[in-house]
Amino acid sequence: MSDPENPDLVNPLDLDEYRAGSSAALTDHERWPTLTEGGATQLTRWRTHPDAPTWVHETGDRLTEEQLDRVRRPLSRDGWLEEHLETARGLPRYRKLTGLTLLSDFPLIERRDLVTDLASFVPLDADLDRMVGGTSSGSTGAALMIPDDIEEVARSFHLLRDLVIAAGVEWEPDDERLALAYLVHQRQAFTYVSLISSFAHRPMARVNLDCSGWPTVESRARFLADANPQVISGNPSSLNELLADDLIGVVRPLAIFSGAMALSGPLRRALEQAFSAPVFDIYGLHETRPIAVRTDDGPFRVLDRRVVVEALDADGLPVPHGEAGELVVTAGENPLLPLVRYRTGDFGRLISLPDGGVGITDLEGREHTSFIASDGRMVACVDLTQQLQAHGAVGWSIQQHADGSILAHIAGGEKVSIKAGLEALLSQDVEMDAVDRVSQLGEGKPRRYFSAVSSPIRGSDVQARSSP
Amino acid sequence: MAEAEKLLGVWAACARDEDEAWRTAVEGPATVDLAARLSTVPQPFLDPRVSVVALAGDILGMGSLACAPYCDDAAVRQGAAIGLWLFASEELLSPFSRTLANSDRFAAVDVLALRLASVSAPETWLWDDERREEAVRTFLLWSGFLPAGEDRDTARALLAARDSLSRNKALAEAYAEHRHREAIARRLADARAKEAAARYSSE
């Protein structure tokens, strides 16, 4: 780790924002305005647990008393789309445009539009007191600060709870367990203990399973065993780690949620078998919030919330029903970022489900790619993303060949720092080719990872698919 | 109008939050005193051959004006020069009943040069009472003052009633968008916003 007393020992991979406490600015009573004595006790318990990892961050839900009940209920969908489009017509982005009558009249937008002029998508009368920053590393380009709405973020917990309950599983506040553990498995991450004010102030934690942040090698297992989270969320990398020998028997979750990247069928089944719990695969983007969910190998079901999904061709026109197209999402859950026709960069086919719901099949675009360092360590692509974005890269294509060698095409950024960062992460030389523009990376998403060496599912011989 | 919109954008980018400016303003000199002083702006201040940047250096000292790169524009130059005169006059003539010393002098000059001069020609401030009062009230606010004898709400209402920008719908909308962008950027850069909120799952 970095030694502030000796600059020569500074680890080139350490990013300032992940220094413990560097982003904390509030008091606990500001983080949880309705903080109770019991809640404060829980905070202390988990923050100072002898086996707790080094908590990098402190953050809460900021909900006032009057907001608690509001966030427990989903937003009404009655007439929401017309109201949403009316709001959109008043956004700086659209207010000078005419002819925006129907949803299909609105031009398509993409992540680059948000990066370039985020404020033009925020309503002029938005309540900025509810705005907090949410960093989206995303999967389609440069990092982006999303204006999160505190009520919407808090409501997303109750979406998870509603899904669990709809699956026939009871999830009520438990005095002895963490209500939720949000797991990541990456070199650096924001980790914290929080309270869920709208769930009886029960504790939750964002936990990094990477071994480097724990007091001892046995700590993470002991911590998770003691916390025994009621529900676990994460991505395929962190959930795969949950199958490691030291962790597989220590938690008994009621349900598991996977997001951010494609969850393979074999990994989902391995998780179901290991924990005897339903595994929800959530499809969504930070910009749009959750879009669809599935619990098996079948189609994703578009969630019954303020979201509309279209499938469009390369010219931006709707593909015939059931044919593959780029998924374009209109999302109305976040009042601070009311998106209309947002290109996700993901592809799929829209189908009608037997009960009339909308399904997405053959969803492509959330590649889950891991690399193998020269010393045999698995390195999640999110670790590479952090380094690349920190040093200003705007696009890249990074490929690991079957012999383990790495070839990186990088657009933008500090080339020397990027090369040093990648080589330190992967413990090997990286052949790097710098290009001036993202377009020189070729067609497709501006960020691509390819690995000919696959990430094995813990505790099984089944190989997870490598991304195409 | 494109030029005016650009100048309004420059002001929006350098100005602090207007609500905060009203919230923190304290009682200052009377508008009538400033208006009288404004009317007596010496010709050398209005002479286009005199460098506003040099003038600002002499009067304001260390620091830089956001309007400096735009002083080739006659209105910007005049607006800045009149603001500089109000500060210089305290030394050259006499201090106001409540001195402007220690006020936010760069912002007060910039607001006249960039925001007000974009929509109200500075020469009119010299002969039109209404426009002069708007200039004086604008100057006072961004210096950090309320007019003597006025409470916050009254002062705000009186300036709003004289606001030239609000009479130009297109420019007013453009300015509102500039301010909106700055407000969002300020908010997201604020440490309290950057602490973010606890999240529950990956997306």
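Residues numbered from 1 in each chain as written. Chains lettered and ligands numbered in written order. Predicted model: local features only at pLDDT ≥ 70, side-chain atom pairs only at ≥ 80, totals over all residues.

**Thoughts on the overall build of chain A**
Assigned secondary structure in chain A consists of eleven helices and 20 strands. Looking at chain A as a whole, 47% of its 468 residues qualify as buried. Looking at chain A alone, contacts between residues at least 24 apart form 63% of all its contacts between residues at least 6 apart. (Helix = DSSP H or I, 4+ residues; strand = E, 2+ residues; numbered from the N terminus. Buried ≥ 20, exposed ≤ 12 C-beta atoms within 10 Å, placed from the backbone. Contact = placed C-beta atoms within 7 Å.)

**Section: the overall build of chain B**
Each helix and strand in chain B was counted, giving twelve helices and two strands. The secondary structure elements of chain B, listed N-terminal to C-terminal, are α-α-β-α-α-α-α-α-α-α-β-α-α-α. Computed over C-alpha atoms, the radius of gyration of chain B comes to 18 Å, within 12% of the 17 Å expected from 2.2 N^0.38 for 203 residues, which places it in the range of a compact globule. Reported as C-alpha extents along the three principal axes, the dimensions of chain B are approximately 65 × 35 × 35 Å. Of the contacts formed within chain B by residues at least 6 apart in sequence, a portion of 82% connects residues at least 24 apart. (Rg over C-alpha atoms; globule rule 2.2 N^0.38 Å.)

**Examining the interface of chain B and chain A**
Listed per partner, the contact involves 22 residues of chain B and 43 residues of chain A. For the side of chain B that touches chain A, the secondary-structure elements that each account for two or more residues are helix H11 (169–189) and helix H12 (191–194) of chain B. If one sorts the elements of the side of chain B that touches chain A by residue count, H11 of chain B sits on top with nine residues. In terms of residue class, the side of chain B that touches chain A is made up of eleven nonpolar, three polar and eight charged. (Nonpolar A, V, L, I, M, F, W, Y, C, P; charged D, E, K, R; others polar.)

**Considering helix H5 (residues 52–60) of chain B**
Residues and elements named next belong to chain B. When H5 is considered as a whole, its buried residues turn out to be Val52, Leu55, Ala56 and Ile59. Projected onto a plane normal to the axis of H5, the buried residues spread over an arc of 100 degrees and lie on a single side. Residues of H5 that are exposed and point more than 90 degrees away from the buried face comprise Ala54 and Asp58. Residues of H5 that are buried make contact with helix H6 (74–92) and helix H7 (105–116). Two residues or fewer past H5, glycine 61 is found with a positive phi of approximately 80 degrees. (Arc of directions from axis to C-beta.)

**Thoughts on the packing of H5 of chain B against H6 of chain B**
Residues and elements named next belong to chain B. Viewed as axis vectors pointing N to C, H5 and H6 meet at an angle of 20 degrees, and their least axial separation amounts to 10 Å. Taken as axis vectors, H5 and H6 run roughly parallel relative to one another. Judged by the sense of rotation from one axis to the other, the crossing of H5 with H6 is left-handed. For the pair H5 and H6, the contacting residues are Val52, Leu55, Ala56, Ile59 and Leu60 in the first and Arg77, Ala80, Ala81, Leu84, Phe87 and Ala88 in the second. (Axes fitted to C-alpha atoms, helices over the stretch in contact; angles between N-to-C directions. Parallel < 35°, antiparallel > 145°, perpendicular 65-115°, else oblique. Left-handed = near helix turned anticlockwise from the far one by under 90°.)

**Focus: the nonpolar core**
Grouped burial of nonpolar side chains is what soluble globular proteins tend to show. Core analysis: the largest hydrophobic core is formed by 96 residues, its most contacted members being Ala181, Leu183, Met204, Ala205, Ile256 and Val329 of chain A. Tallying contributions element by element places helix H6 (residues 150–166) of chain A first for this core, with seven residues. When residues no more than four places from it in sequence are discounted, the contact partners of valine 329 of chain A are Thr288, Ile291, Val307, Val309, Leu339, Tyr342 and Thr344 of chain A. Among the nonpolar cores identified, the runner-up in size contains 51 residues, and Val41, Val76, Phe87 and Ala135 of chain B belong to it. (Core = buried A, V, L, I, M, F, W, Y, C linked by C-beta atoms within 7 Å.)

**Notes on the pairing of strand E18 (residues 406–411) of chain A**
Residue and element names in this part refer to chain A. The alternating pattern of E18 places Ile406, Ala408 and Ile410 on a buried face, while none of Leu407, His409 and Ala411, on the opposite face, is buried. Inspection of the sheet shows strand E17 (residues 395–400) paired to E18 by six bridges, in the antiparallel sense. The residue of E18 that forms the bridge with glycine 395 is alanine 411. The turn joining E17 and E18, which pair antiparallel and follow one another in sequence, is formed by five residues; a positive phi near 95 degrees is taken by glycine 404. (Pairing = 2+ DSSP bridges.)

**Regarding unusual backbone geometry**
Across residues other than glycine, the phi torsion is negative in most instances, and most of the peptide bonds are trans. Residue and element names in this part refer to chain A. A positive phi angle, close to 75 degrees, is found at alanine 260, a residue other than glycine. As for its position among the elements, alanine 260 is in the loop between strand E7 (255–258) and helix H9 (265–275). Backbone geometry at serine 427 places phi at a positive 55 degrees, although glycine is not the residue there. Relative to the helices and strands, serine 427 is located in the loop between helix H11 (415–426) and strand E19 (430–435).

**Structural notes on the confidence of the model for chain B**
The share of residues in chain B with pLDDT of 70 or more is 99%, and the mean pLDDT across the chain is 93. For this predicted complex, the interface confidence reaches an ipTM of 0.78, while the overall pTM sits at 0.80. (pLDDT = per-residue confidence, 0-100.)

**A short note on the sheet that holds strand E10 (residues 300–302) of chain A**
Residues and elements named next belong to chain A. The twelve strands lie next to each other as E4-E5-E3-E6-E7-E8-E9-E10-E14-E13-E12-E11, forming an open sheet whose pairing is mixed. At either end of the open sheet lies a strand with only one pairing partner, and these are strand E4 (192–196) and strand E11 (307–312). The mean angle between the axes of side-by-side strands here comes to 35 degrees, regardless of whether they run parallel or antiparallel. Of the pairings in the sheet, the one linking strand E3 (residues 180–184) to strand E6 (residues 231–234) comprises three bridges and is parallel in character. Residue pairing across strands places tyrosine 182 opposite serine 233, the latter belonging to E6.

**Things to note about helix H9 (residues 129–143) of chain B**
All names here are of chain B. With 15 residues, H9 should reach 21 Å at 1.5 Å per residue; the first-to-last C-alpha distance of 21 Å fits that figure. Extensive coverage of H9 is indicated by the burial of twelve of its 15 residues. Among the residues of H9, those classed as buried are Arg132, Glu133, Glu134, Ala135, Val136, Arg137, Thr138, Phe139, Leu140, Leu141, Trp142 and Ser143. Once H9 ends, the next one or two residues include glycine 144, with phi positive near 110 degrees. (Expected span 1.5 Å × (residues − 1).)

**Overview of the environment of leucine 46 of chain B**
Residue and element names in this part refer to chain B. Relative to the elements of secondary structure, leucine 46 occurs in helix H4 (residues 43–46). Residue classification places leucine 46 among the partly exposed residues on the basis of 17 C-beta atoms within 10 Å. A sequence separation of 35 residues divides leucine 46 from alanine 81, and the C-alpha atoms of the two residues are 6.5 Å apart. Each residue touching leucine 46, except ones within four places of it in the same chain, is listed here: Val41, Gln78 and Ala81.

**Describing the packing of helix H10 (residues 381–390) of chain A against H11 of chain A**
Residues and elements named next belong to chain A. Where H10 meets H11, the closest approach of the two axes is 9 Å, and the angle between their N-to-C directions is 160 degrees. When the interaxial angle is binned, H10 and H11 end up roughly antiparallel. The hand of the H10/H11 crossing is right-handed. Where H10 abuts H11, its residues Asp383, Leu384, Gln387 and Leu388 lie against Ile418, Gly421, Leu422 and Leu425. Among the residues forming the contact of H10 with H11, the class breakdown is five nonpolar, two polar and one charged.

**Some thoughts on the confidence of the model for chain A**
A residue-level look at chain A finds 88% of positions with pLDDT of 70 or above and a mean pLDDT of 87. Note on residues 460–468 of chain A: pLDDT under 50 across the span, and 22 contacts to partners over four residues away in sequence or across chains.

**Some points on the environment of glycine 421 of chain A**
Following the sequence through the fold, glycine 421 of chain A ends up in helix H11. Spatially, the C-alpha atoms of glycine 421 of chain A and alanine 390 of chain A are 9.9 Å apart, while their sequence positions differ by 31 residues.

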